[in-house]
Amino acid sequence: MHRRGTKFCAPAFSLRPTLFFIFSFSLFIPTLHAQPAAVDRDKYPFINYDQNKIYTPDTSLLAPFFGKVRRMLLNGDKQVNIVHIGDSHIQADIFTGKLRQELQDFIPGGNGGRGFVFPYSMAHTNNPVNYKVSYTGKWFGCRNVQYDRDCALGLAGISVSTPDSFTNFTITPTGTVSNYYDYTHIKLFYSAAAGMYRIQLMNTDSHNIASFSNKNGIMEWELKEPITEVEIGISRLKDTLTDFTITGMELGTDDPGLIYNSVGINGAELLSWLRCQYLGKDLKAINPDLIIISLGTNDAYGKTFNTDTFRNRYFTLLRRIRAALPGVPIILTTPGDNYRKVHKHSIDNENNTVARAAIFQIAKKDGDAVWDFFMVMGGLKSMQTWYSHGLTAKDKVHMDAQGYYLQADLMFEAIIASFDEYLGTHKR
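The following paragraphs examine the structure supplied in this document. Since the structure is predicted, the reported quantities are computational estimates derived from the model, not experimental observations.

Rules and cut-offs
- Residues numbered from 1 in each chain as written.
- Predicted model: local features only at pLDDT ≥ 70, side-chain atom pairs only at ≥ 80, totals over all residues.
- Heavy atoms only, no water.
- Salt bridge = Lys/Arg side-chain N within 4 Å of Asp/Glu carboxyl O.
- Helix = DSSP H or I, 4+ residues; strand = E, 2+ residues; numbered from the N terminus.
- Buried < 20%, exposed > 50% of the residue type's maximum accessible area, 1.4 Å probe, protein only.
- Disulfide = S-S within 2.5 Å.
- Expected span 1.5 Å × (residues − 1).
- Contact = heavy atoms within 4.5 Å.
- Phe/Tyr/Trp six-rings, centres within 6.5 Å; stacked < 30°, edge-to-face > 60°.
- Polar contact = N/O pair within 3.5 Å; in protein donor to acceptor, adjacent residues only side chain to side chain.
- Core = buried A, V, L, I, M, F, W, Y, C linked by side-chain atoms within 4.5 Å.

Focus on the pattern of salt bridges
Then, in step 1: Counted according to the given criterion, the structure contains 12 salt bridges.
Then, in step 2: Note that E250 is salt-bridged to K187, the shortest N-O span being 3.5 Å. With E250 in strand β13 (residues 244–252) and K187 in strand β8 (residues 183–191), the pair connects residues that are 63 residues apart, well separated along the chain.
Then, in step 3: Assessed through its relative accessible area of 12%, E250 is described here as buried.
Then, in step 4: Measuring nitrogen to oxygen at the nearest pair gives 2.4 Å for the salt bridge that ties K381 to D348. Taken together, the positions of K381 in the loop between α8 (373–377) and α9 (382–388) and D348 in strand β18 (residues 345–348) put the pair 33 residues apart, joining distant regions of the chain.
Then, in step 5: Accessibility expressed as a relative area gives 49% for K381, which makes it partly exposed.
Then, in step 6: Among the ionic contacts, a cluster of salt bridges with common partners joins D93, R100 and R114.

Describing the state of the cysteines
Then, in step 1: This structure, assessed with the given rule, holds 1 disulfide.
Then, in step 2: Linked covalently through their sulfurs, C142 and C151 form a disulfide whose S-S length is 1.9 Å. Measuring handedness by torsion sign, the sulfur bridge of C142 and C151 sits at about -65° and is left-handed.
Then, in step 3: Here C142 falls in the buried class, since its relative accessible area comes to 3%.
Then, in step 4: Residue C151 is classed as buried on the basis of its relative accessible area of 15%.
Then, in step 5: A disulfide-free cysteine, C276 has its sulfur positioned 8.6 Å from the sulfur of C151, the nearest such atom.

So, helix α1 (residues 63–75)
Then, in step 1: For α1, with 13 residues, the first-to-last C-alpha span of 18 Å sits near the 18 Å given by 1.5 Å per residue.
Then, in step 2: Of the positions making up α1, those classed as buried are F65, F66, G67, V69, R70, M72 and L73.
Then, in step 3: For α1, the secondary structure elements touched by its buried residues are β2 (79–86), β14 (257–264), β15 (290–293) and α10 (401–425).
Then, in step 4: Of the residues flanking the end of α1, it is G76, one or two places downstream, whose phi is positive at about 65°.

Remarks on the packing of aromatic side chains
Then, in step 1: Taken as a whole, this structure holds 17 aromatic pairs when the rule is applied.
Then, in step 2: Ring centres of F65 and F66 lie 5.4 Å apart, and the angle between their planes is 50°; this geometry places the pair in the tilted category.
Then, in step 3: A relative accessible area of 4% places F65 in the buried class.
Then, in step 4: Taking 5.8 Å as the distance between ring centres and 40° as the angle between the ring planes, the aromatic pair formed by F66 and Y422 counts as tilted. In this pair, F66 is assigned in helix α1 and Y422 in helix α10, connecting sequence segments 356 residues apart. Residues F66 and Y422 agree in their burial class; the two are buried.
Then, in step 5: Ring pairs connect the aromatic residues Y44, F46, W371, F373 and W386, which therefore count as one cluster.

Here's the deal with the side chain of S262
Then, in step 1: Mapped onto the elements of the fold, S262 is located in strand β14.
Then, in step 2: Look at S262 and you get buried, because its relative accessible area is 9%.
Then, in step 3: Side-chain polar atoms of S262 contact the side chain of T96, separated by 3.4 Å.
Then, in step 4: Only 3.1 Å separates the side chain of S262 from the side chain of R100, close enough to count as a polar contact.
Then, in step 5: Dropping the residues within four chain positions of it, S262 is found in contact with H84, I90, D93, T96, R100 and F116.

Some details on the nonpolar core
Then, in step 1: Counting residues in hydrophobic clusters, the biggest one holds 76 residues, and the most contacted among them are I186, L188, I232, I246, M249 and I291.
Then, in step 2: No other element matches helix α6 (residues 307–324), which puts 7 residues into this core.
Then, in step 3: Filtering out sequence-adjacent residues up to four positions away, M249 remains in contact with G115, F116, V117, F169, I171, I186, K187, L188, F189, V230 and I232.
Then, in step 4: Formed by 49 residues, the second largest nonpolar core is a distinct cluster that contains I82, L290, A369 and I415.

Notes on unusual backbone geometry
Then, in step 1: Positive phi is not limited to glycine here, since N216 has a value of about 55°.
Then, in step 2: Note that N216 resides in the loop between β10 (209–215) and β11 (218–227).
Then, in step 3: Taking relative accessible area as the criterion, N216 reaches 64% and is therefore assigned exposed.

Right, here's the structure in full:
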């Protein structure tokens, strides 16, 4: 185990001091009734705070996840893994990046690693702000929203391919997290003809590589000492007509703590994620303890909204996830209120009220939890209020950075409140 500065260094999004302590000599964890609020209620009085909760059809639904968090807190030797799947609200990793930081900092020494990432800029689309990508050679991107394309897609929902005989790429943390994350476990998820390519970790001494393996489209390295930057080289060994394709990466560590993997594609809807043929395989490799799904914004954005199609596609996606990870708890989030364009004019998107109701029906039938962001925002027409407070983009569909930070604070409060309730019934 390594502790880079014990990983208590100040993150990009610092939290206010917490009143939650872990007593190593105690047999219980105190409940969190004194936990200070993440959101300044005087600054944002228009939020429906009484709606900011995790709804569960069964109080035991999230117990496996919260139980693992509790054991990690008591023993200090476990990792807890979350995967969050979504659309453009997730791809930029502003909302999820803030939430990741808050959850990791809530747990003393709780930084379990960066988790699953993708070199989005190699596909010529926006990259999360907390790491940058440099590369050589020609790379061609393919996203799950490109319905006229047939390409290898997994948990990232996007892939990049190259026909070049030698290329390399580097993932470097930006200044906001450069002192916060390091890696001793590196996985490259890829698709290529067997034996046609050599994959190398370029920026560490060979003596630092404790072991490596290459099987089932996953190249994995385990290191003796951590690194903060990852450079991978790909060289073609034989003539082939097939390209080398990258479908994702995992940057991990041995450290106990929480890992928050976020994957999103601009414009993605449920049908987009149903096109990801390696989704189940990748989820098994990541092995999350909780899955959060934030979809519906694009499904409900059109002039018409077919509830039956929406439900059927959602159930199909959930079945595929459960086939890969039976028993994993799932939280569905409702899409926030937004406006949609009609003949250059913005109108209230009443489809979201229908999508919200459908998500609750899906959750009840499938046995999932729900975080109702639509109602937390204020329901129909609330986007205008958020816009007038300078929290959204001009399109009144996306938030700006402050809006996404507020969304993260709200979801953080809801998760911690739910964990508090769990602890209230599991004091020993």
